[in-house]
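Below, each chain spelled out in residue letters.
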Amino acid sequence: MTIGVFDGVHRGHQSLIRHNLDLAARLDLESVVVTFDPNPLEVLRPQAAPARLCDLARRVELIAGLGVELVEVLEFDADLAAMTAEDFVASVLIKRLDARHVVIGHGFRFGNGAAGTAQTLRAAGLTVDEFGLVGDEQPISSTRVRAAIAAGDVVGASEMLGRPHEVVGTVVQGEKRGRALGFPTANLDHHRLAAIPADGVYAGSAVLDGQRYVAAISIGTNPTFDGARRTVEAHLLDVDLDLYGHRVRVEFVERLRDTLAFDGVEALVAQMHEDVAATRRVMG
């Protein structure tokens, strides 16, 4: 069993979970990943809640895709937050989930006041592996991934995640300016804490019902039209689909440029043609 939030299921998380799988096979035990939803910080310090790298359904899908036999999601609420580390081990890990061997990242803490350590687990009779953090000069962490995304460095974020960063949302009606200009866009209504890259235009993909479409993605407030609301809009190349009400996953591959205010519609349209051409080059 391994325990953590695993937001983003980045390469560090993947290494930890694969170590879990290797041990489970060697010890002839079931491989289990325990995760929390929402992120404990959203309950303990909501004003400091971090951006979400992926929603719960996607997180479970990514973890299960590594070959884990059971993903156990614990609702992190006031009762769980108040539980002592010892009670958490006894009532949740041992009694409820029948834990035998626990794999944790180096320095992992848990329980009320973050008082639980590897020693707490051992004192309860569990064997424990402390797994070293993965990374280059610095360990890969969800915090580092979020910082790269906030800076618009989607290439760096992808290297740490092991896949492109993505934002999921339901397509809703926007201003319909893109369609009037010949570039219809899917306007995403995403979670308020979704990790949105810095304003700009990106080359990437839009995934709908398992089908992937090349997309030019714009993030910003549409300064040419004095917009005030920040939006995530994806123009799917070479198709014109009715996407309203559909859940779409947008993947960011490369940042093309900053968001710019243009002198008029003609200059904006010319730049949009360039953005589409650049997206084709990036996406092959």
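Note that the structure is a prediction, hence the values are computed from the model and not measured.

Analysis parameters
Residues numbered from 1 in each chain as written. Predicted model: local features only at pLDDT ≥ 70, side-chain atom pairs only at ≥ 80, totals over all residues. Heavy atoms only, no water. Helix = DSSP H or I, 4+ residues; strand = E, 2+ residues; numbered from the N terminus. Buried < 20%, exposed > 50% of the residue type's maximum accessible area, 1.4 Å probe, protein only. Contact = heavy atoms within 4.5 Å. Areas by Shrake-Rupley, 256 points an atom, 1.4 Å probe, with all protein chains shown as cover. Lys, Arg positive; Asp, Glu negative; His and termini not counted. Charge placed at Lys NZ, Arg CZ, Asp CG, Glu CD. Salt bridge = Lys/Arg side-chain N within 4 Å of Asp/Glu carboxyl O.

*Asks:* What am I meant to see in the overall build of the protein here?
*Replies:* Of regular secondary structure, the protein possesses 10 helices and 11 strands. The dimensions of the protein, computed from C-alpha atoms along their principal axes, are 70 × 35 × 35 Å. Split into buried and exposed, the 284 residues of the protein put 47% on the buried side. In the protein, 70% of the contacts between residues at least 6 apart in sequence involve partners at least 24 apart. Total accessible area computed for the protein in this model is approximately 14100 Å², and 49% of it derives from carbon and sulfur atoms. If you average the places of the 28 positive and of the 39 negative side-chain charges in the protein, the two averages end up 1 Å apart.

*Asks:* Would you mind going over the pattern of salt bridges with me for this structure?
*Replies:* Between side chains of opposite charge, pairing is possible as soon as their charged atoms come close. As enumerated under the stated definition, the model contains 15 salt bridges in all. The salt bridge involving Asp238 is made with Arg280; its shortest N-O contact spans 2.9 Å. Of this pair, Asp238 sits in the loop between strand 10 (231-236) and strand 11 (247-257) while Arg280 sits in helix 10 (residues 265-283), placing them 42 residues apart in sequence. Look at Asp238 and you get exposed, because its relative accessible area is 64%. Exposure remark for Arg280: the relative accessible area of 39% places this residue in the partly exposed category. What you see here is one network of salt bridges that share partners, running through Arg58, Glu61, Glu166, Arg212, Arg249 and Glu251.

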